[in-house]
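The chain contents come next:
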Amino acid sequence: MAGIVKILSEQDLKGLRGERGTAYIALPRALAPHVPMRPAGKNREPRLDVAVEARLDTAPDDTVMSGTATTNITHVGMGERRTGHADLRFNILTAVSRGIVALAARRDVAEPAGGDTLAVEFLDEGRFVRATFATRDPFRDQLRQLCTELDDAEDPTSGWGWLPAGVVPPW
């Protein structure tokens, strides 16, 4: 599996804006069977711990890393106690969120905004994630064209698609 592409919603970006609550990017639920998650936490929700590298397409040589701290992808609502609504969440560490915002300011480029795209590459059997925020065309538009699926039939902005190998510029 190379990865996925997602059109970013305003909710996905709350961590970049420094809003309260857990910062996460909602991933499509269809991805869950392809991610090697194991039960974890009090409710034994499926989870995969991952290290993260993130960058902006407008500053491809500058990388924000989680370092030795890992975050996780969690299938919320799918633990021992099932809730009425299940979400697949890519939790974003504050250091990564702040790093992306600081990088945008330092390079004088746009921060990711609603409607921009995110390419998420899964490496090392899913234990390592590279996330590229695409904030300008033509790359943003190229990624949008891959977003042929809807994660939520009620929300046409919930577009996503599978990311073929070789689409994202080399790191």
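Residues numbered from 1 in each chain as written. Predicted model: local features only at pLDDT ≥ 70, side-chain atom pairs only at ≥ 80, totals over all residues. Heavy atoms only, no water.

Novice: What should I look at first to understand the pattern of salt bridges in this one?
Specialist: Proximity of charged atoms lets side chains of opposite charge pair with each other. For the coordinates displayed, the defined rule picks out 12 salt bridges. R130 is paired through a salt bridge with E53; the nearest N and O atoms lie 2.9 Å apart. Linking R130 in strand β9 (residues 128-134) with E53 in strand β4 (residues 45-56), this pair joins segments that are 77 residues apart in sequence. For E53, a relative accessible area of 13% translates into the label buried. The salt bridge involving R107 is made with D62; its shortest N-O contact spans 2.6 Å. Highlighted residues: R107 in helix α1 (residues 94-107) and D62 in the loop between β4 and β5 (64-65), separated in sequence by 45 residues. Residue R107 is classed as partly exposed on the basis of its relative accessible area, which comes to 39%. On the basis of relative accessible area, D62 is assigned to the partly exposed category, the value being 23%. (Salt bridge = Lys/Arg side-chain N within 4 Å of Asp/Glu carboxyl O. Helix = DSSP H or I, 4+ residues; strand = E, 2+ residues; numbered from the N terminus. Buried < 20%, exposed > 50% of the residue type's maximum accessible area, 1.4 Å probe, protein only.)

Novice: Looking at this model, I keep getting lost on the nonpolar core. Mind explaining?
Specialist: In summary, soluble globular proteins display a tendency toward joint burial of nonpolar side chains. Membership of the largest hydrophobic core comes to 33 residues, with the highest contact counts inside it found for I25, L27, F90 and F133. Among the secondary structure elements, those contributing two or more residues to this core are β2 (24-27), β4, β7 (82-91), α1, β8 (117-123) and β9. Considering every element that reaches this core, the biggest residue donor is β4, with 5 residues. For F90, the contacting residues outside a window of four places in its chain are A23, Y24, I25, L27, V50, V52, T71, N72, I73 and V129. Among the nonpolar cores identified, the runner-up in size contains 10 residues, and I7, A134, L143 and V168 belong to it. (Core = buried A, V, L, I, M, F, W, Y, C linked by side-chain atoms within 4.5 Å. Contact = heavy atoms within 4.5 Å.)

Novice: Any chance you could explain the pairing of β8 here in plain terms?
Specialist: Burial analysis of β8 places 6 of its 7 residues in the buried class, which makes it a mostly covered element. With 5 bridges connecting them, strand β1 (residues 3-7) and β8 associate as antiparallel partners. Each bridged residue has a counterpart across the sheet, and for I7 the counterpart in β8 is T117. As paired strands, β8 and β9 are joined by 7 bridges and run antiparallel to one another. Looking at β9, one finds that L123 is bridged to F128. Counting the residues that bridge the hairpin from β8 to β9 gives 4 residues, and of these D124 lies at a positive phi of roughly 50°. (Pairing = 2+ DSSP bridges.)

Novice: How should the packing of aromatic side chains be read in this particular structure?
Specialist: Remark: the centre distance and the inter-plane angle together describe each pair of aromatic rings, the angle taken between the planes. On inspection of all chains with the given rule, the structure shows 1 aromatic pair. Between W160 and W162, the ring centres sit 5.1 Å apart and the planes meet at 80°, which makes this aromatic pair edge-to-face. Across from the ring centre of W171, 4.0 Å away, lies the NZ or CZ of R55, which sits over that ring. Just above the ring of Y24 sits the side chain of R89; from NZ or CZ to the centre is 4.2 Å. (Phe/Tyr/Trp six-rings, centres within 6.5 Å; stacked < 30°, edge-to-face > 60°. Lys NZ or Arg CZ within 6 Å of the ring centre and 35° of its normal.)

Novice: Where do I start with the side chain of S66 in this structure?
Specialist: For S66, the position within the fold is in the loop between β5 and β6 (71-78). Judged by relative accessible area, S66 falls into the buried class, the value being 10%. Looking at S66, its side chain comes within polar contact range of the main-chain oxygen of A69, at 3.0 Å. The contact partners of S66, leaving out residues within four places of it in the chain, are A51, V52, L93 and V96. (Polar contact = N/O pair within 3.5 Å; in protein donor to acceptor, adjacent residues only side chain to side chain.)

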